[in-house]
Amino acid sequence: MTWTKKHRIILGVFLMFIGLALFVSFFSFLFTWKSDQSLVGEFFNRELEAKNWMSKFGAQVSHTFIYKGFGIGAFNFAFLILITGLYLFLSLSLKKLLNYWFWGLYIIILVSLFFGFAVNSLPILGGTVGFEINEFLNHYIGKIGVGILLGFLFIFYVVVRHNWTPDRISSYFKMKKKTLEEEFSTAKEQSLASENISHEINKEEEKISDADSNEDNETSSTHHLDLTEETTKEEKPKEKLVIASDEEGDVKMEVQTANEEDQVDELSKKLVEDFGEFDPTLELSNYQFPKIDLLEDYNKGKGITIDQNELEANKVKIVDTLKNYKIGIADIKATIGPTVTLYEIIPEAGIRISKIKNLEDDIALSLAALGIRIIAPIPGRGTIGIEVPNQNPSIVPMRSVVASPKFQQAEMQLPIALGKTISNETFVVDLAKMPHLLMAGATGQGKSVGLNVILTSLLYQKHPAEVKFVLVDPKKVELTLFNKIERHYLAKMPDVEDAIITDNSKVINTVNSLCIEMDARYDLLKDAMVRNIKEYNQKFKARKLNPEDGHKFLPYIVLVIDEFADLIMTAGKEIETPIARLAQLARAIGIHLIIATQRPSVNVITGMIKANFPARIAFRVTSKIDSRTILDAGGANQLIGRGDMLFTQGNDLVRLQCALVDTPEVDRITEFIGSQKAYPDAHMLPEYQGEESGTSLDDNVDERDSRFKEAAEIIVTAQQGSASLLQRKMKLGYNRAGRIIDQLEAAGIVGPFEGSKARQVLINDLTSLDEHLNNV
């Protein structure tokens, strides 16, 4: 435990006791304020005795806060100080605490103002502040004006703080009315059923009575015997024929009674009939999806502007350039997209495709355009495509793709609207079918916007109960806006303060935690005898799985990692291995990975990772080698940037213009979601205790480096435990400096590996170092 944490705990306990003392003082003041009035200002006079339960302290403080201050609204001060102490004691996030204080002070002023307005004859209710503010306002807006102002302030509080809108209130009462009607009809049905049963029982009793009087004992006993046999027949379990073969291959037939699965099916049918299917969204049944109005319409409703002169000029230039190389064109037509126009040409008979493909640079020169790409041939069309950037490209707003019928009516598990194709069609894919996505592109080409587009698509389609996000943001600025929806959509490990992970050392633990979650989910699928998460959730909704056996509704989990290259540099195999394991196995149980990097080199996107990421997105990259690394094909180096991208799902390349969703739009969406009722906390992942990083070497003095002591002195003097410091000061290679750091850790001089941070130095000065080395 560090000194900082000790200080927080001590301060927290102190504030909790202060808050408790204030509460006791204030409560006592309500009964003793008149008798303790004479003690005000006589705090140090020991002859006088206060009636307050906290004596003179309680009397003086209560007089200041309640009588001279805010009236009974001052009780909120005690609550705020108490909860501040609790937050410090438990080391909770202080962001929510500021929110508590803001609205707590608002309530204090509102209560003081209300009682000063309504009951100004009793000074302890509204306090001096409430009385004086009312007097001031009465002079300018009158008593009615003060009443109207109070009404507005109250409505402002319940709407902004608790999100009590007219729609929400009406839906609440409608739901209550519906529940009461259902309960009344159920009670009525049960009452009628019980009446029918009692009527049937009375009739049976009359029949049995008549039979006993008319028949002799023998007939009676036979009758009872028949009844017993009939009952036995009814209670006899259902039988079924099972055909099986033994080890020798002989076929055997035997009759078995109905197994437990049949009984479970019958029970589940009855439960569904009585209560309906399980609804995972029930806890947040009033949740509202973001409205399309939160997104910006950058084109103001206008479509793509077609410049006929530009089209004709480009056609002529393409035909002329090809004629110069004796390549005849039978036909040419254009398909106009948001940023790129596709010119499809049909060459004359006898023209070799490779000849046209080699003229890529010449066509680019004649058109004076960047980003020319030749597709020879276009799959399934029998034509050759030449993609030429438009002189006036159009923006593809996220609003237009979200509002499209293709996205709205998509019957997919995890639909994502990436943008628009060259033919101006909305391009929607299913993340669950991918099942993992790899994104790459140079800085400033649209990766971060692409990630926001993916997350926004899922927010517009999936309820918080259906999908959870694990967000990794080493840059600490790209995904921070999603903090507002932590208790709705985010998942994190226990005892982790921030749901969005920015520390590389915590990423390793989180990814390993997802591996534990994956194994646990596979155990649930095995018990449920299903193959994937879709079948499992359908079975759970149909009430065929017992929650008491550990079964529960499983949301999809999407792991998003920005700047994967930084992770590989700092963690290497520690992060690559669990990610490869998730990529190989996690598809069936609903864990999907989205990894983005700006440096698609082979040491970052290794063969193991590429093999398990069939779906890939490439924004513009600087070289053909980078394009081949990410796509296994060229083309990404010929893109024009600003959201121009290539998408592949293991087959053909599709050129898209990525939709644009800007930071203010994401802010509005997360604000809209975050203002609604949420779960008590973020979705909790399994706890994972990682092995301490560092060396496994024993602290063997004989095996230490010859310059070990010199290195220790440099580290202790600088109070910075890093291999790069030893490299600079001692002019060593990285490997030797790294070994010395490992030996220093084994000797207890520096702390364990902490990702990108320098190691903690455990020795304060050179004297302590000498003593430590002599004792070791």
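Residues numbered from 1 in each chain as written. Predicted model: local features only at pLDDT ≥ 70, side-chain atom pairs only at ≥ 80, totals over all residues. Heavy atoms only, no water.

(A) Spatial organisation of the pattern of salt bridges. Going through the model one piece at a time under the given rule, you end up with 19 salt bridges. In this structure, the salt-bridge partner of E517 is R521, at a minimum N-O distance of 2.9 Å. You can see E517 and its partner R521 sitting in helix α16 (residues 504-528), four residues apart, about one turn around the helix. Overall, R521 belongs to the buried group, its relative accessible area being 2%. Ionic pairing is found between D632 and R616, a salt bridge with its closest N-O pair at 2.9 Å. Of this pair, D632 sits in the loop between α21 (624-631) and β15 (644-648) while R616 sits in strand β14 (residues 615-618), and the two are 16 residues apart along the sequence. We classify D632 as partly exposed; its relative accessible area is 48%. Here the salt bridges share partners, and the residues they tie into one network are R373, E387, D644 and R655. (Salt bridge = Lys/Arg side-chain N within 4 Å of Asp/Glu carboxyl O. Helix = DSSP H or I, 4+ residues; strand = E, 2+ residues; numbered from the N terminus. Buried < 20%, exposed > 50% of the residue type's maximum accessible area, 1.4 Å probe, protein only.)

(B) Representation of the pairing of β14 within the structure. The alternating pattern of β14 places A615 and I617 on one face and R616 and A618 on the opposite face, and all of these are buried. Taken together, the four bridges between strand β9 (residues 437-440) and β14 define a ladder with parallel strand orientation. In the strand pairing of β14, L437 is matched with A615. (Pairing = 2+ DSSP bridges.)

(C) Expanded view of the side chain of Q445. Along the chain, the position of Q445 falls in the loop between β9 and α14 (447-461). In this structure Q445 comes out as buried when scored by relative accessible area, which is 15%.

(D) The nonpolar core, seen in detail. In this structure, L418 and F469 are the most contacted members of the largest nonpolar core, which totals 111 residues. The dominant element in this core, judged by the number of residues it contributes, is α16, at nine residues. If sequence neighbours within four positions are ignored, L418 has contacts with F427, V429, V453, I454, I617, M645, F647, L656, Q657, C658 and A659. Counting residues in each nonpolar core, the second largest holds 22 residues, with F708, A711, I715 and L732 among its members. (Core = buried A, V, L, I, M, F, W, Y, C linked by side-chain atoms within 4.5 Å. Contact = heavy atoms within 4.5 Å.)

(E) Seen up close, the sheet that holds strand β5 (residues 373-378). Strand order in the open sheet formed by four strands is β3-β4-β6-β5, with antiparallel pairing between adjacent strands. Every other strand in the sheet has two partners, leaving β3 (329-336) and β5 as the edge strands with one partner each. This sheet shows a mean twist of 20 degrees between the axes of neighbouring strands, independent of strand direction. The pairing of β5 with strand β6 (residues 383-389) spans four bridges and is classified as antiparallel. (Axes fitted to C-alpha atoms, helices over the stretch in contact; angles between N-to-C directions.)

Keep in mind these values describe shape, not function.
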